[in-house]
Structure formats: C-alpha cells, structure tokens
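Read off the chains here:
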Amino acid sequence: VGRDDEVALLSHTLNMAVDRGRPALLLVLGEAGLGKSRLVEDVAEKGRECHGAVVLPGRCVPYGEANVWWPIASAVQAACDVDAGDDQEVVTGKVRAAVAQALDGTDGADGAVDRVVEGLLHLLGFDVLRGIDSTRAREEVTGSLLAFTAALARRRPVVMVLSDLHWADEAVLEVVGGLLQTTARLPFVVLATARPVLTERWSPPEGGHHSVVVHLDPLGRDAAMQLLRSLAGDRLASLDDGVADELLDRASGNPLFLEELVSWLDGSGSTQLPDTLRGLVAARLDGLTPPERHVLEDAAVLGSRGRVEWLAIMQREGHRSDAAVHASLRALQTKELLAVEGESWEFHSELVREV
C-alpha cells in the first residue's frame, strides 16, 4: 500500500541490471516497521516472475549466530538446496552438485570445484580448512563465494536478498562490494534492507554497477487510511471517526505500528499501548546517546511540538549544559525522531513521544 513509486524505481533498476548484464545494488533504508521487507519481497518476486531469476535470501541477526558469514551462508544454502537439518555428508554432496553444475565447462573444472566446495563448506560453518590461519581462511571463503556467485549469474539472473544489513559483520559488508565487482557484466542484483544507522559505518561501494538507495518514508495519510481499512475490515465501520483518526495519528504512517494498534483495539477503552509496540519503540530509543535521550525526554514532557529555546532552558534547569542541545537535535532529526525547522521542533510520531 502506498509504495508504487518505490516498487517502480527498484523494479526498473533490476530490469536494467538483467537486460544490460550490469550488476546492481538496491538498498532500502528505513526505521523498523515501515515495510522494508515487504517491499523487497515484492521486487524480488518480480525478478523471479519476469526474468526467471534465482532468488537467494539471507538475513542478518543481532545476536545468537556464531557464524559471521550467516547472512551469506543462508543464501548459499538456498542456492544449493541445503536444509537446516542436513548433516555434513549430505551438505557436502548438495554443495558439490550445485558447484559442479554452476562451473560446468570451466577450465580445470575438477580442481576448481574442489576448491570452491571447501570454501563454501567453511562458510556454512563446517571446519574443513584446518591448518590455515584465519586471514587465509577468509580469503578462501571469499574467493569461493565470488566464483560460485559469478558462475550462477552466467547461467541465469541472480537476486541476493540481504535483510537487516545494519546487523551484518564487517566481513559481510566487505564481500558485498566484492560480489558486485566480480559479477561485472553479469545479471546479478543485491537487494538489501537496513535501518539508517548502517550509513554511520558503511557506504555503498563505488564501481561499474548500478546503485540505488531508497529512503523509505512513512505512509501518507490516504495510504495509511487504505491500510487501516484493510486491517480493520468490518470493525472500522463501528468505530467513531475520532477513534480512526487517533489510530492514524498514533501510527504516524508506520504500517507495523498501525497493524499492532488495530490488533490491540478491542473496544475495551484501554489507553495502554500493547507491550510489543512499546518494546519496538523502546528498543529504538535505547540506541540514543545520553545527551540525545535527555533532549528527547524533555521534548516529550513539553508536548508534540515546541521551541528550541524551551529545550535549552530545561537542560540548564536540569543542571545539564545546554551546549549540546543543537547537536542532539540534529542527531534526533537524522534519526527521524524529531523534525526540526528553524527554531521549532516537532515529534515525527506521537507514539514515540508517548513511550
């Protein structure tokens, strides 16, 4: 809902990558709940339907996964038809078959297959590169991945979907650039999602590939209303106009927020937000620096909008220096928590202010 322009831009660039044989990086940036994954799924499906592309999904996780290569490893699993419960012998057979098929016709194919298979097995978490140091092991893994991916792209278009790239290890971010360079003149697309914090430690690599960065905005009022009708169904007719407006105001164009609010809506009259929604917003606020959080808390006390000088006064009266107010406001604006214009500020979301 409300993403026609974004879908058109990303799909057009994907079409160019396939039709002209030039790789592309398509990066969708946005805060949690704006629909990044849904948007990327739609574009990837168009690549599969229109071009017969093989879609290789990978997801970065914030914790709980010891293998730093996991996002890429899960994409390799999909390419080799590896299931989560397969043992090493089964995985080795599947990887060897996939690599042999991809490298079919390559000079010195037998030796190349063996080397690529070893590197990919190490990437998947199996200790097959014994006796070599970690730097050499990383080089072997990277070389095997690049060779395998390029071979796949020579046979048919490849779309590698990497979700939540802001949680990726440096090794994964580095290999993204390598993939785009190795697949020069091939129909290979990296379709990634991330929160804006990614840009603080990584920028899309330059090179001979297409590169599109889409900053996903909250839904407009009309699109949010369309989504509300879809989510609430018959319940919407029984709501007062004021209740529907309050839901839209609280959600502030965030589809996930709106979905959570609708599921919480039971007519009980409770004004307490659902725990899942509070947790989602609170996790976002946990990433703020102490000065940023102080300014945001003072702003929340003052109201939905106000003057910068009011925040400076509150900082002084709270026995904190007001020198960092402007710097904190710039940071909060960059993180899309507050909108700052001239000497005035306003919360992007009433929901954030409430939490």
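In this text, all values refer to a predicted model and were calculated from it rather than measured experimentally.

What counts as what
- Residues numbered from 1 in each chain as written.
- Predicted model: local features only at pLDDT ≥ 70, side-chain atom pairs only at ≥ 80, totals over all residues.
- Heavy atoms only, no water.
- Helix = DSSP H or I, 4+ residues; strand = E, 2+ residues; numbered from the N terminus.
- Buried < 20%, exposed > 50% of the residue type's maximum accessible area, 1.4 Å probe, protein only.
- Contact = heavy atoms within 4.5 Å.
- Areas by Shrake-Rupley, 256 points an atom, 1.4 Å probe, with all protein chains shown as cover.
- Lys, Arg positive; Asp, Glu negative; His and termini not counted.
- Charge placed at Lys NZ, Arg CZ, Asp CG, Glu CD.
- Pairing = 2+ DSSP bridges.
- Axes fitted to C-alpha atoms, helices over the stretch in contact; angles between N-to-C directions.
- Phe/Tyr/Trp six-rings, centres within 6.5 Å; stacked < 30°, edge-to-face > 60°.
- Salt bridge = Lys/Arg side-chain N within 4 Å of Asp/Glu carboxyl O.
- Arc of directions from axis to C-beta.
- Core = buried A, V, L, I, M, F, W, Y, C linked by side-chain atoms within 4.5 Å.
- Parallel < 35°, antiparallel > 145°, perpendicular 65-115°, else oblique.
- Nonpolar A, V, L, I, M, F, W, Y, C, P; charged D, E, K, R; others polar.

Concerning the overall build of the protein chain
Right, so step 1: Summing up its helical and strand segments, the protein chain has 15 helices and eight strands in all.
Right, so step 2: Summarising its shape, the C-alpha atoms of the protein chain cover approximately 70 × 50 × 40 Å along the three principal directions.
Right, so step 3: Of all 355 residues assigned to the protein chain, the portion counted as buried reaches 45%.
Right, so step 4: The contacts of the protein chain with a sequence gap of at least 6 include a subset with a gap of at least 24, amounting to 71%.
Right, so step 5: Surface summary for the protein chain: the accessible area is close to 17,700 Å², and the carbon and sulfur share equals 47%.
Right, so step 6: Taking the 34 positively charged and 55 negatively charged side chains of the protein chain as two groups, their mean positions are separated by 3 Å.

Side note on the sheet that holds strand 7 (residues 338–341)
Right, so step 1: Ordered in space as 6-8-7, the three strands form an open sheet in which the pairing is antiparallel. Sheet topology places strand 6 (305–307) and strand 7 at the edges, where each strand pairs with a single neighbour. Neighbouring strand axes in the sheet, compared pairwise and without regard to direction, differ in orientation by 20 degrees on average.
Right, so step 2: Alignment of strand 7 against strand 8 (residues 344–347), held across four bridges, turns out to be antiparallel. Considered in strand 8, the bridge of Ala-339 is made with Glu-346.
Right, so step 3: Each of strand 6 and strand 8 is contacted by helix 13 (residues 308–317), which is oriented at about 75 degrees to strand 6, the strand it contacts most.

Notes on the sheet that holds strand 2 (residues 54–59)
Right, so step 1: The strand order across the open sheet built from five strands is 2-3-4-1-5, with neighbouring strands paired in parallel fashion. For this open sheet the edge positions go to strand 2 and strand 5 (210–215), each flanked by a neighbour on one side alone. Strand-to-strand, the axes of this sheet are offset by a mean angle of 15 degrees, without reference to chain direction.
Right, so step 2: Of the strand pairs in this sheet, strand 2 and strand 3 (residues 158–163) are connected by six bridges, and their pairing is parallel. Bridging across to strand 3, Pro-57 finds its partner in Val-161.

Describing the side chain of Thr-149
Right, so step 1: When you line up the elements, Thr-149 lands in helix 6 (residues 134–155).
Right, so step 2: Judged by relative accessible area, which is 2%, Thr-149 ranks as buried.
Right, so step 3: Other than its neighbours up to four places away in sequence, Thr-149 contacts Leu-179, Thr-183 and Phe-188.

A closer look at the packing of aromatic side chains
In this description, an aromatic ring pair is defined by two values, namely the gap between the centres and the angle between the planes.
Right, so step 1: Tallied over the entire structure, the rule returns one aromatic pair.
Right, so step 2: For the pair Trp-345 and Phe-347, a centre-to-centre distance of 6.1 Å together with 85 degrees between the ring planes defines the contact as edge-to-face.
Right, so step 3: Residue Phe-347 is classed as buried on the basis of its relative accessible area, which comes to 8%.

Overview of the environment of Val-158
Right, so step 1: Residue position: Val-158 is located in strand 3.
Right, so step 2: With a relative accessible area of 1%, Val-158 lands in the buried category.
Right, so step 3: Along the backbone, Val-158 and Gly-52 are 106 residues apart, and their C-alpha atoms lie at a distance of 8.9 Å.

Thoughts on the pattern of salt bridges
Right, so step 1: Applying the stated rule across the entire model yields 18 salt bridges.
Right, so step 2: For Arg-250, the salt bridge identified is with Glu-354, shortest N-O distance 3.0 Å. Of this pair, Arg-250 sits in helix 9 (residues 241–251) while Glu-354 sits in helix 15 (residues 350–354), and the two are 104 residues apart along the sequence.
Right, so step 3: Of the charged contacts in the structure, one is a salt bridge between Arg-307 and Glu-309, with a shortest N-O distance of 3.8 Å.
Right, so step 4: Arg-307 sits in the partly exposed class, given a relative accessible area of 32%.
Right, so step 5: Its relative accessible area of 44% is what places Glu-309 among the partly exposed residues.

Here's the deal with the environment of Asp-234
Right, so step 1: Position of Asp-234 among the secondary structure elements: in the loop between helix 8 (221–232) and helix 9.
Right, so step 2: Along the primary structure Asp-234 and Ala-153 are separated by 81 residues, whereas in three dimensions their C-alpha atoms are 48 Å apart.

A few points about helix 13
Right, so step 1: Of all the residues in helix 13, the buried ones are Val-308, Leu-311, Ala-312 and Gln-315. Relative to the axis of helix 13, the buried residues are bounded by an arc of 100 degrees and lie together on one face.
Right, so step 2: Elements that come into contact with the buried residues of helix 13 comprise helix 12 (290–302), strand 6, helix 14 (325–334) and strand 8.

What to know about the nonpolar core
Right, so step 1: With 53 residues, the main nonpolar core has Ile-72, Val-95, Val-99, Leu-123, Phe-148 and Leu-165 as its most contacted residues.
Right, so step 2: At the level of secondary structure, the elements contributing two or more residues to this core comprise strand 1 (24–29), helix 3 (70–80), helix 4 (88–102), helix 5 (109–123), helix 6, strand 3, helix 7 (170–182) and strand 4 (188–194).
Right, so step 3: Sort the elements by how many residues they give to this core and helix 6 lands first, with eight residues.
Right, so step 4: Counting 35 residues, the second-largest nonpolar core is a separate cluster that includes Leu-239, Val-262, Val-295 and Val-325.

Regarding the packing of helix 10 (residues 255–264) against helix 11 (residues 275–286)
Right, so step 1: Taken N-terminus to C-terminus, the directions of helix 10 and helix 11 make an angle of 155 degrees; their axes are 9 Å apart at the nearest point. If you check the angle between helix 10 and helix 11, you find them roughly antiparallel. Contacts between helix 10 and helix 11 pair Leu-256, Phe-257, Glu-260 and Leu-261 from the former with Thr-276, Leu-277, Leu-280 and Val-281 from the latter.
Right, so step 2: The residue inventory of the contact of helix 10 with helix 11, partitioned by class, reads six nonpolar, one polar and one charged.

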